[in-house]
Amino acid sequence: MKIHLSSVFVDDQDKALRFYTDVLGFVKKHDVPLGEDRWLTVVSPEDPDGTELLLEPSGHPAVQPYKTALVQDGIPATSFAVDDVQAEFNRLRELGVHFTQEPLEMGPVTTAVLDDTCGNLIQIVHSK
């Protein structure tokens, strides 16, 4: 068994697609209209057949309280692996990305947490 799909709830799918592709560097995999929303996924350009991230609309009534609680408590909605947290932090900051946690070394793991502009905190991580 392996993880095929994961999702983040986003306030605006178009805005999320721009952020996750133009800023974070993912590539669009699927964009299928489903009424007012879309089945919209992105993947890593390094693994185009790997795990997909669904940019899922936040329309369900339970989503907003859940997202608000996570952000208020500083809890990332998901985590992405990078080769070098400091380098990625520097690159993203140059692009105007807001970080709620600057790079932090915790033993064999370095993390940073960013705001995805769509209602989520996202952790970037590197394990030694």
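This text gives an overview of the structure that appears in the document. Quick caveat: nothing in here was measured; it's all calculated off a predicted structure.

1. Some words on the environment of asparagine 120
Secondary-structure assignment places asparagine 120 in the loop between strand S7 (109-115) and strand S8 (121-127). Looking at asparagine 120, the relative accessible area reads 4%, which means it is buried. When the C-alpha positions of asparagine 120 and threonine 78 are compared, they lie 8.6 Å apart, and in sequence the two are 42 residues distant. A polar contact is formed between the side chain of asparagine 120 and the backbone oxygen of phenylalanine 9, at a distance of 2.8 Å.

2. Examining the sheet that holds strand S5 (residues 78-81)
An order of S5-S8-S7-S6 is seen for the four strands of this open sheet, with the pairing classed as mixed. Strands at the two margins of the open sheet, each flanked by one partner only, are S5 and strand S6 (99-106). Across the sheet, the mean angle separating the axes of adjacent strands is 20° when strand polarity is ignored. Pairing of S6 with S7 involves five bridges; the strand directions are antiparallel.

3. Observations concerning helix H1 (residues 13-23)
The set of residues buried in H1 consists of Gln13, Ala16, Leu17, Phe19, Tyr20, Thr21 and Val23. For H1, the capping residue at the N-terminal end is aspartate 12, with a side-chain oxygen 3.0 Å from the backbone nitrogen of aspartate 14. The first or second residue beyond H1 is glycine 25, which carries a positive phi of 100°.

4. Some thoughts on unusual backbone geometry
In the Ramachandran plot, threonine 117 falls in the positive-phi region, its phi being about 65° despite a non-glycine side chain. Residue position: threonine 117 is located in the loop between S7 and S8. Given a relative accessible area of 37%, threonine 117 falls into the partly exposed group.

Each value, and the rule that gives it
Residues numbered from 1 in each chain as written. Predicted model: local features only at pLDDT ≥ 70, side-chain atom pairs only at ≥ 80, totals over all residues. Heavy atoms only, no water. Helix = DSSP H or I, 4+ residues; strand = E, 2+ residues; numbered from the N terminus. Buried < 20%, exposed > 50% of the residue type's maximum accessible area, 1.4 Å probe, protein only. Polar contact = N/O pair within 3.5 Å; in protein donor to acceptor, adjacent residues only side chain to side chain. Pairing = 2+ DSSP bridges. Axes fitted to C-alpha atoms, helices over the stretch in contact; angles between N-to-C directions.

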